[in-house]
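Spelled out, the chains give:
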Amino acid sequence: MMFGSPLLSGLSSFAPGQSGDSIGASVSEVINPSTGVSLARLSMQSDLQVLQAIDLAKEGLRITRTTRRRGMMLARIAALLDEHRRELARIICVENGKPWREAEGEVDYASGFFRYYSEQMNRLKSRRLRAQPRSHQWTIHYRPSGVAGLIVPWNFPLAMLAKKLSAAIAAGAPCVIKPAPQTPLSTLALLPLLSSAKVPKEWAQVVIGDPGMIGRIFCEHPDVRTISFTGSTRVGKILLRQTTETVKRLTLELGGNAPLLVCADADVELAVEHLMQNKFRCAGQTCVCVNRVYVHESLQATLVQSLVQRASMLKVGDGMRDDVHLGPLINRQGFDKVAAHLSDALERGAQLQSGGMPHVTPGQSFGFYFPPTILSDVPQDALCVREETFGPMIPIVPFSTMEQAIEWSNASEFGLAAYVFTASISAADRLIRELQFGHVGLNSATGPTPEAPFGGMKQSGIGREGGIEGLMEFVETQVVARDLHNDMS
């Protein structure tokens, strides 16, 4: 039975074959990670059905809309997201687990991408060079890149889809969307809103099925020219290998291991305020949340005291309750990773300042709540420093020199986000210049915004999302050089 929502009531008309009624079809069950309640049973599509979705999206390339019309579509989608904000947040909350007030913020973030690109359509108008080199007239056109495969993660199921889909619609590139199996309802709830905004159905096909099978088809199919993926570096490398024969455009937002540096002259309370807002969003299950804190040794005690006090005020529980700040981890696998990182750090000599290992009933399959956990004096070789924990745990590592802080921060194959707190402009300039991260917050731990490009260095990804750069990921540039000596009627 489908989770009760007016946005999902017409599911079969927007996503044929997704009702869960197909005889003999494999079924994917969507579970509320807080309560274990079954929200939906969805039919998983076969490889033939995925191929059919790609064929339909290819037909969408023949459906042309002016830049003005596409801009109007995007503005209408943004308005519809605003109109249905509360209901979309409820859907996100029950399938992802994050607090519903936090989920409302995700809807606002998603709306921002559609609104931003609706205002950027002039960027895609054809233009001519003022100069006429070689006695030619040079015209630059921006064409849709082709069918795009969008692979969406579970931690921001609506916002990450909006980040990709808004740019694709702006470019006129039809999409085949694969939501995460844990959180497909946010994607399905968006479909009737796209229809209301007059987006052709060929431009937004949804496929639900085996992730490996769908990813392989996206990589090997000649008509899928662009793949936009947000997820683990391990899967990103698989996509890279599988596209070597078809030479596709890949936009990959992969793993992170974000450091936050608190220099000796930093405002500790400001750092704590931003750290609290950044770290515990989605129970620490975000690629840009702080994964390790490097604090000057003279400030560690002050920082720890303030963090412990603030963390003690956070309530963990079902995200549908008004007084809850942290929901559950998405599943047992996520819980076990946080638990392993905690145990490893303690074994290596870290000091537990708050939180700790919660009790989990053997065989439990939902409700994996982990308290806000703060560790001090964590060694640099601890797993929670070397790897992305993806949970509500803050390891604090003291440093003595700026050189040491820079070296330790960069001692990772990841380079997605970093945060710096200092009162010195010269220190900030040096840190930002030497830190190998695509996004750096200065006296701030804010994440990305629709108006600016976002992406990683090193093994944190390829390409950018958001900003004009994100729009161009779905565009092919075509240059026409016309010989001015040859008259044309």
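What comes next concerns the included structure. Here, residues in each chain are numbered from 1, in the same order as that chain's written sequence. In view of the model being predicted, local features appear only for residues whose pLDDT reaches at least 70, and side-chain atom pairs are presented and counted only at 80 or more, with totals across whole chains, interfaces and linings using the full set of residues. Note that water and hydrogens are dropped before the side-chain values are worked out from all heavy atoms of the structure.

At least two bridges found by DSSP between two strands are what make those strands a pair. The helix and strand labels rest on DSSP assignments: H or I over at least four residues marks a helix, E over at least two residues marks a strand, and numbering proceeds from the N terminus. Strands sit in the order β3-β4-β20 across an open sheet of three strands; the sheet is antiparallel. Each edge of the open sheet is held by one strand with a lone partner, namely β3 (127-128) and β20 (475-483). For β3 and strand β4 (residues 136-144), the ladder comprises two bridges, and the chain directions are antiparallel. The partner of R127 across the bridge, within β4, is I140.

Axes here mean lines fitted to C-alpha atoms, for a helix over just the part in contact, with angles spanning 0 to 180 degrees between N-to-C directions. Taken N-terminus to C-terminus, the directions of helix α10 (residues 268-279) and helix α11 (residues 300-311) make an angle of 40 degrees; their axes are 10 Å apart at the nearest point. One finds that α10 runs oblique with respect to α11. Crossing handedness for the pair α10 and α11: right-handed. Judged by residue contacts, V268, E269, V272, E273, L275 and M276 of α10 engage T302, L303, S306, L307, R310 and A311 from α11. Across the contact of α10 with α11, the residue classes break down as seven nonpolar, two polar and three charged. Should an angle lie under 35 degrees it is considered roughly parallel, over 145 roughly antiparallel, and from 65 to 115 roughly perpendicular; all remaining angles are considered oblique. We call a crossing left-handed when the near helix sits turned anticlockwise from the far one by less than a right angle, and right-handed when that turn is clockwise. Any two residues having at least one pair of non-hydrogen atoms within 4.5 Å are treated as being in contact. Three categories are distinguished: nonpolar for Ala, Val, Leu, Ile, Met, Phe, Trp, Tyr, Cys and Pro, charged for Asp, Glu, Lys and Arg, and polar for the others, with Gly belonging to the last.

For S135, which is not glycine, the phi torsion reads 60 degrees and is therefore positive. Relative to the elements of secondary structure, S135 occurs in the loop between β3 and β4. With a phi close to 70 degrees, K198 is a non-glycine residue in the positive phi region. Counting through the fold element by element, K198 comes out in the loop between α7 (185-196) and β7 (204-206).

You can see R464 is positioned in the loop between β19 (461-462) and α16 (467-472). For the pair formed by R464 and S228, sequence separation is 236 residues and the distance between their alpha carbons is 9.8 Å. In this structure, R464 is in contact with T251, G438, P453, F454, G455, G456, E469, G470 and E473, ignoring residues within four places of it in sequence. A distance of 3.4 Å separates a polar atom in the side chain of R464 from the backbone oxygen of G456. N or O atoms within 3.5 Å of each other form a polar contact, as long as, within protein, one can give a hydrogen and the other can take it, and as long as residues adjacent in sequence are counted only when both atoms are side-chain atoms.

Here, the term nonpolar core denotes a set of buried Ala, Val, Leu, Ile, Met, Phe, Trp, Tyr and Cys residues that are joined through side-chain atoms within 4.5 Å. Think of it in three bands: residues with accessible area under 20% of the maximum for their type are buried, residues over 50% are exposed, and the middle band is partly exposed, with areas taken using a 1.4 Å probe on protein chains only. The biggest cluster of nonpolar side chains holds 65 residues, and the ones touching the most others in it are L81, F114, L165, I169, I177, L185 and L194. Here this core takes ten residues from helix α6 (residues 159-171), the largest share from any one element. What L165 contacts, discounting residues up to four positions off in sequence, is F114, L150, C175, I177, L190, L194 and W203.

A word on the pattern of salt bridges. Just to be clear on terms, a salt bridge is a Lys or Arg side-chain nitrogen sitting within 4 Å of an Asp or Glu carboxyl oxygen. Tallied over the entire structure, the rule returns 19 salt bridges. Note that D223 and K58 form a salt bridge whose closest N and O atoms lie 3.4 Å from each other. One end of the pair, D223, is in the loop between α8 (211-220) and β8 (224-230); the other, K58, is in helix α2 (residues 47-59), with 165 residues separating them in the sequence. On the accessibility criterion, D223 (23% relative accessible area) is partly exposed. K58 sits in the partly exposed class, given a relative accessible area of 35%. Three or more residues are tied together by salt bridges with common partners; here these are R85, E104 and D108.

This part covers the sheet that holds strand β12 (residues 351-354). A sheet is described by the order of its strands in space; here seven strands give the open sequence β12-β13-β14-β11-β10-β16-β17, paired in mixed fashion. The sheet is open, and its two borders are formed by β12 and β17 (439-442), each paired with just one other strand. Taken over all neighbouring pairs, the strand axes of this sheet differ in orientation by 20 degrees on average, direction set aside. Strand direction decides the pairing type here: strand β16 (residues 417-421) and β17, joined by four bridges, are parallel. Considered in β17, the bridge of A417 is made with H439. Set on the sheet, helix α14 (residues 402-410) makes contact with β10 (258-262), β11 (290-296) and β14 (393-399); between it and β14 the angle comes to about 140 degrees.

Our focus in this paragraph is α8. Every buried residue of α8 is accounted for by M213, I214, G215, I217, F218 and C219. Residues of α8 that are buried sit in contact with α2, β5 (147-151), β6 (175-178), β8 and α9 (233-242).

Interaxial distance between helix α3 (residues 67-83) and helix α5 (residues 100-118) falls to 7 Å at its minimum, and their mutual angle equals 160 degrees. Considering the angle they form, α3 stands roughly antiparallel to α5. As α3 packs across α5, the resulting crossing turns out to be left-handed. Two secondary-structure elements touch here, α3 through G71, L74, A75, I77, A78, A79, L81 and D82 and α5 through V107, A110, S111, F114, R115, Y117 and S118.

Time to look at the environment of R62. Within the fold, R62 resides in the loop between α2 and α3. Here R62 falls in the exposed class, since its relative accessible area comes to 67%. Expressed as a C-alpha distance, the spacing of R62 and L250, which sit 188 residues apart in the sequence, is 23 Å.

Moving on: α7. For α7, a buried count of ten out of twelve residues is recorded, marking the element as mostly surrounded by other parts of the structure. Following α7 by one or two positions, K198 adopts a phi angle in the positive range, close to 70 degrees.

Put simply, two rings from Phe, Tyr or Trp (the six-membered ring, in Trp's case) pair if the centres are within 6.5 Å, and we call them stacked under 30 degrees between planes, edge-to-face over 60, tilted for the rest. In total, this model carries six aromatic pairs according to the counting rule given. An aromatic cluster of three or more residues is present, and its members are F335, F368 and F370. Counting as a charge over the ring demands two things of the Lys NZ or Arg CZ atom: a distance within 6 Å of the ring centre and an angle within 35 degrees of the ring normal. The ring of F156 carries the charged tip of K98 above its face, separated from the ring centre by 3.8 Å.

Let's shift gears to the side chain of T243. As for its position among the elements, T243 is in the loop between α9 and β9 (249-253). If near-sequence neighbours (up to four positions away) are discounted, T243 is found in contact with C219, I227, K248 and L250.

This part is about the pairing of β9. For β9, the tally of buried residues reaches four of five residues, placing the bulk of the element in the interior. Pairing of β8 with β9, which is carried by five bridges, proceeds in the parallel orientation. When the bridges of β9 are listed, S228 appears paired with T251. The path from the first strand over the helix to the second decides the hand: if it runs clockwise while the strands point away from the viewer, the crossover is right-handed. Between the parallel elements β8 and β9, the chain passes through α9 in a crossover that is right-handed. Note: β9 against β19, two bridges, orientation antiparallel. What sits directly across from E253, in β19, is G461.

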